[in-house]
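Here's the letter readout for the chains.
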Amino acid sequence: MTIPTAMVDAASIGLLQLCQISYLDPAAIPGSFPLAWPAPGGGSWSLAWGPAQDPSQANLVYVAVRSEAGQALSLAVVVRGTDWDVPLMGLWNQIVEDLDADSQQAPPWTGPTGVLIADGTAAALSRVAGLTSGGQSLVGFLAGFYDAAANRQVPLQVTGHSLGGCVATVLAPWLQAQLGQQGLSPAIVPTTYAGPTAGNQAFADAFRSAFPTASCYRNTLDIVPMAMADLAEIPLIYAEAGPGLLPPVSIATAILGYALWLWDCGASYADIPDSRSLPGDWLTPVPDSPLGPWLDEVLQQHDTKTYMKLLGGVSVTEGEAVRVRALATAVATERWPRQRTLSGDPAYAARLKAAFTRLRRPLIPG
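Residues numbered from 1 in each chain as written. Predicted model: local features only at pLDDT ≥ 70, side-chain atom pairs only at ≥ 80, totals over all residues. Heavy atoms only, no water.

Peer 1: Run through the packing of aromatic side chains, naming residues and quoting values.
Peer 2: Inspection of the entire model under this criterion finds nine aromatic pairs. Ring centres of Trp37 and Trp45 lie 6.0 Å apart, and the angle between their planes is 55 degrees; on these two criteria the pair is classed as tilted. Connected via pairs of aromatic rings, a cluster forms that spans Phe141, Phe145 and Tyr146. A cation sits over an aromatic face here: Arg66 above Trp37, 3.8 Å from the ring centre. When the ring centre of Trp45 is taken as reference, the NZ or CZ atom of Arg66 above it lies at 6.0 Å. (Phe/Tyr/Trp six-rings, centres within 6.5 Å; stacked < 30°, edge-to-face > 60°. Lys NZ or Arg CZ within 6 Å of the ring centre and 35° of its normal.)

Peer 1: Run through the pattern of salt bridges, naming residues and quoting values.
Peer 2: For the coordinates displayed, the defined rule picks out eight salt bridges. Residue Arg127 is joined to Glu97 by a salt bridge in which the shortest nitrogen-to-oxygen separation is 2.6 Å. Taken together, the residues span a long stretch of sequence, with Arg127 in helix H3 (residues 119-129) and Glu97 in helix H2 (residues 88-99) at a distance of 30 residues. The salt bridge involving Asp271 is made with Arg218; its shortest N-O contact spans 3.1 Å. Residue Asp271 is found in the loop between helix H7 (249-265) and strand S13 (275-278), and its partner Arg218 is found in strand S12 (residues 215-219); the two are separated by 53 residues along the sequence. Here the salt bridges share partners, and the residues they tie into one network are Arg80, Asp83, Asp85 and Arg323. (Salt bridge = Lys/Arg side-chain N within 4 Å of Asp/Glu carboxyl O. Helix = DSSP H or I, 4+ residues; strand = E, 2+ residues; numbered from the N terminus.)

Peer 1: An account of the packing of H3 against helix H5 (residues 163-180) is requested, with residue identities and associated values reported.
Peer 2: Contact pair H3 / H5: the axes reach a minimum separation of 10 Å and the direction vectors enclose 60 degrees. The pairing of H3 with H5 is recorded here as oblique in orientation. Of the two elements, H3 crosses H5, and the hand of that crossing is right-handed. Counting all contacts with H3, which are made through Thr121, Ala124, Leu125, Val128 and Ala129, the residues of H5 involved are Cys166, Val167, Val170, Leu171 and Trp174. Taken together, the residues that form the contact of H3 with H5 break down as nine nonpolar, one polar and no charged. (Axes fitted to C-alpha atoms, helices over the stretch in contact; angles between N-to-C directions. Parallel < 35°, antiparallel > 145°, perpendicular 65-115°, else oblique. Left-handed = near helix turned anticlockwise from the far one by under 90°. Contact = heavy atoms within 4.5 Å. Nonpolar A, V, L, I, M, F, W, Y, C, P; charged D, E, K, R; others polar.)

Peer 1: So what about the pairing of S12? Which residues, and what values?
Peer 2: The element S12 is largely enclosed, with a buried count of five among its five residues. Across the two faces of S12 the burial is the same, with Ser215, Tyr217 and Asn219 and Cys216 and Arg218 all buried. Remark: the strand S11 (residues 188-193)/helix H6 (residues 201-210)/S12 crossover connection has right-handed handedness. Of the pairings in the sheet, the one linking S12 to S13 comprises three bridges and is parallel in character. Of the residues in S13, the one forming a bridge with Tyr217 is Arg276. (Buried < 20%, exposed > 50% of the residue type's maximum accessible area, 1.4 Å probe, protein only. Right-handed = clockwise from strand over helix to strand, strands pointing away. Pairing = 2+ DSSP bridges.)

Peer 1: Run through the packing of H2 against H3, naming residues and quoting values.
Peer 2: For any two helices packed against each other, the geometry comes down to the angle between their axes and how far apart the axes lie. Running from N to C, H2 and H3 point in directions that differ by 130 degrees, and their axes come no closer than 6 Å. Relative to H3, the element H2 lies oblique. Of the residues in H3, those touching H2 at Asn93, Val96 and Glu97 are Gly120, Thr121, Ala123, Ala124 and Arg127.

Peer 1: Residues and numbers for H6, please.
Peer 2: For H6, the set of buried residues is Phe203, Ala204, Phe207 and Arg208. The buried side chains of H6 occupy one side of the element, clustering within an arc of 130 degrees when seen end-on. If you follow the buried residues of H6, they end up packed against strand S7 (117-118), H5, S11, S12 and S13. (Arc of directions from axis to C-beta.)

As structure tokens, this is what we get:
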């Protein structure tokens, strides 16, 4: 179930701005602060810890504190999403974190019976948990902050976009457990954007129960939040939008095969209950994009600038789509042909609809 969003609070816009900053070159992140709160009287953000990256550069996290007149108002742990402009090992680690979903494991915190998360998500959490900045771990910094009496009531916001949003949903309960072991219990408020699903139905229900005020935003025309719970919905997502855009055969086949593989492995995923739906608008693909029109539409719909527009806020970066297109252009060769998209082909559309309609029925193991 998703909740249509008519009005969004300044916090959701401000946190998305922090997510946008996380995609910058790590050396440029400190220069992005102070960052004003997107509403009068809200103070401004400053960098408090990080940015910290793992050795492969697959994952990046930083902490920002919002304050006014010397008083801390909120603290935000910001997790970067997938960044394609990293060394090969970092790129490989991110692919594993994004797609290693055919096996699941119990999370590294005490939770209800039956809670399972993807192995790839668990690997991302492990890397994030091991990050340090200035010789101090993330948990060490947070514990020091909340150990001060003046900060005990400051809410802890955990946020991220894309892969970062997925990681935020497991980082929040892990931080809750870690800080709880030290006698600290700040109010933790996760806010995610475009995050894939991290675990099974038991995980999704436990997350919502533990964090009733969490906001999980998803653009209705973004395919990334459909992974891995709603894979069967992806190929026809643009069939009735714009010019009836359909995915290349290779992509549709890959999605079909992976969905069947997950089912065969017995791995199931569920959306966070009461996620917040942002009604998407068709965005015209960039002509001659090296990605092809279908993937270019996917790229734009997933971009933080698109989410910011849907939230009614102002972006503080150019977004990720521009950089990804530039990277794709730089690496495009004859070995990577431009993906042909079959728009307006009724026969192909009918085959896709038939295949993925049948797929929806057996995707629930057991």
